Amino acid sequence: MKERKIVALIDEYRPEELPQRYTDLVDAAKAATTRAHAPYSRFHVGAAIRMENGEIVCGANQENAAFSAGTCAERSACFYAASQYPGVAMKQIAIAAYLEPEGYPQGGGLPFQKQPISPCGVCRQALLEYEAMYGDIEVILYGNDVIYVLPSIKSLMPLSFTEF
């Protein structure tokens, strides 16, 4: 038997320390949360992807009473980016979220999660496929108290399925 250690390098910033090169993408992800359709979970997630050509593409989670018909913010953004800019690499993705209290009007500009949220496994796999084609996609996970920056999608999913 051989034991292997897997380590993910994460840069951690307080919001006031976040380098300027990330702020526009984080702001776009935060703004995208207001376009979420989340009547069931009330969990509003926004994602913003910076393309190699400089364009920023956003997505927000979209829920449906038939739960499997909905989609997460990350897949919403990456599939839109791939369809609008075929052959253009995705270079960065920022993700932000907030939980809307019951009875609060939708899109009420609530405080964001204190700690960053991370993409679900399905979104990680979807993004990983684009990363395998075009190179690393830097990940910025926003929280009101702390922001994590990771070098790639693979760093979120080290034992990933990449032979396709």
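It should be emphasised that the depicted structure is a prediction, and the values quoted were computed from it without experimental measurement.

Q: Before we move on, could you go through helix H2 (residues 73–84) and cite the residues and values that matter?
A: In this model H2 runs 16 Å from its N-terminal to its C-terminal C-alpha over 12 residues, within 8% of the 16 Å that 1.5 Å per residue would give. Listed as buried for H2 are Ala73, Glu74, Arg75, Ala77, Cys78 and Ala81. Residues of H2 that are buried sit in contact with strand S2 (43–51), strand S3 (56–60), strand S4 (90–99) and helix H3 (121–134).

Q: Explain H3 to me, using residue names and the numbers behind them.
A: For H3, which comprises 14 residues, the first-to-last C-alpha distance of 20 Å matches the rise-based estimate of 20 Å (1.5 Å per residue) to within 8%. Residues of H3 that are buried include every one of Cys123, Arg124, Gln125, Ala126, Leu127, Leu128, Tyr130 and Glu131, and no others. For H3, the secondary structure elements touched by its buried residues are H2 and S4. Following H3 by one or two positions, Gly135 has its phi on the positive side, about 110 degrees.

Q: Describe the packing of H2 against H3, and please don't skip the residues or the numbers.
A: For any two helices packed against each other, one specifies the crossing angle of their axes together with the interaxial distance. At a minimum axis separation of 9 Å, H2 and H3 run at an interaxial angle of 25 degrees. Put simply, H2 runs roughly parallel to H3. Judged by the twist between their axes, the crossing of H2 over H3 is left-handed. Residue-level contacts link Glu74, Arg75, Cys78, Phe79 and Ala82 of H2 to Val122, Cys123, Ala126, Leu127 and Tyr130 of H3. Split into classes, the residues belonging to the contact of H2 with H3 amount to 8 nonpolar, no polar and 2 charged.

Quick notes on the rules
- Residues numbered from 1 in each chain as written.
- Predicted model: local features only at pLDDT ≥ 70, side-chain atom pairs only at ≥ 80, totals over all residues.
- Heavy atoms only, no water.
- Helix = DSSP H or I, 4+ residues; strand = E, 2+ residues; numbered from the N terminus.
- Expected span 1.5 Å × (residues − 1).
- Buried < 20%, exposed > 50% of the residue type's maximum accessible area, 1.4 Å probe, protein only.
- Contact = heavy atoms within 4.5 Å.
- Axes fitted to C-alpha atoms, helices over the stretch in contact; angles between N-to-C directions.
- Parallel < 35°, antiparallel > 145°, perpendicular 65-115°, else oblique.
- Left-handed = near helix turned anticlockwise from the far one by under 90°.
- Nonpolar A, V, L, I, M, F, W, Y, C, P; charged D, E, K, R; others polar.

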